[in-house]
Amino acid sequence: MASVSVSHLILFIASMAIAASVAGVFTSSIGELSNAVSEQGVDVSSDVRTDVEIISDSGSDSIYDSGDETITIHVKNTGSETLAPVPGQVDLFVDGVFASDYTVTLEPDGGNIWRPGEVVRIDINDNLSSGDHRLKLIVNGDEEVFEFNT
């Protein structure tokens, strides 16, 4: 009779050890998953709060200066997210080609914080031929398309 009790005791201890190790693995995995979901939520929240609008007049002659070979657009922060008026914050494509030679200047004072409601001027150095052109602006996942003629 004692041998049955000892074998039951050994099986009980082994099953408790296995249950404890499985619970430890699940707790660790759930903690990592929770952290990943929290980080993703912060990124999505920033993307949702970011909204910009190109407010330049596409019919204006001031969009492209052929003498300087410069495209100038004005962009307003219409979202609730404060942005940095720096080239790293803004991605630009001119006629489907990534533009890397451009400057971003906060209007009118040239500060370094682009608050909601404020406007930046973007000057893109690019040699354009006469005709229709398309500019795509991406800020924090928010995409705007601007079509103009030179």
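Residues numbered from 1 in each chain as written. Predicted model: local features only at pLDDT ≥ 70, side-chain atom pairs only at ≥ 80, totals over all residues. Heavy atoms only, no water.

An unreviewed UniProt entry lists the protein under the name Flagellar protein G, from Haloarcula rubripromontorii.

A. Seen up close, the side chain of Asn-77. Structurally, Asn-77 is set in strand β3 (residues 70-77). Residue Asn-77 is classed as buried on the basis of its relative accessible area of 1%. Among the polar contacts made by the side chain of Asn-77, one reaches the main-chain amide nitrogen of Gly-79 at a distance of 3.2 Å. Discounting residues that sit within four places of it in the chain, Asn-77 has contacts with Asp-51, Val-52, Thr-82, Leu-83, Trp-114, Arg-115, Pro-116, Gly-117 and Glu-118. (Helix = DSSP H or I, 4+ residues; strand = E, 2+ residues; numbered from the N terminus. Buried < 20%, exposed > 50% of the residue type's maximum accessible area, 1.4 Å probe, protein only. Polar contact = N/O pair within 3.5 Å; in protein donor to acceptor, adjacent residues only side chain to side chain. Contact = heavy atoms within 4.5 Å.)

B. Here's a closer look at the environment of Asp-61. Structurally, Asp-61 can be placed in the loop between β1 (52-54) and β2 (64-65). C-alpha separation for the pair Asp-61 and Val-6, spaced 55 residues apart in sequence, amounts to 94 Å.

C. Structural context of the environment of Asp-101. Here Asp-101 shows up in the loop between β5 (97-99) and β6 (102-107). Along the backbone, Asp-101 and Gly-88 are 13 residues apart, and their C-alpha atoms lie at a distance of 12 Å. Not counting the four nearest positions on each side in its chain, Asp-101 is found in contact with Asp-123, Ile-124 and Asn-125.

D. Representation of the sheet that holds β5 within the structure. With respect to topology, four strands assemble into an open sheet ordered β5-β4-β8-β9, the strand pairing being antiparallel. Here the strands that pair on one side only, and so sit at the sheet edges, are β5 and β9 (142-149). Neighbouring strand axes in the sheet, compared pairwise and without regard to direction, differ in orientation by 25 degrees on average. With three bridges joining them, strand β4 (residues 90-94) and β5 adopt antiparallel strand pairing. If you follow Leu-92 over to β5, its bridge partner there is Ala-99. (Pairing = 2+ DSSP bridges. Axes fitted to C-alpha atoms, helices over the stretch in contact; angles between N-to-C directions.)

E. The pairing of strand β8 (residues 132-139), seen in detail. The sheet contact formed by β4 and β8 spans five bridges and is antiparallel. Across the sheet, Val-94 pairs through a bridge with Leu-135, a residue of β8. Here β8 runs beside β9; their pairing, made up of eight bridges, is antiparallel. If you follow Arg-134 over to β9, its bridge partner there is Glu-147. Linking two consecutive strands that pair antiparallel, namely β8 and β9, is a turn of two residues; a positive phi of about 50 degrees is found at Asn-140 within it.

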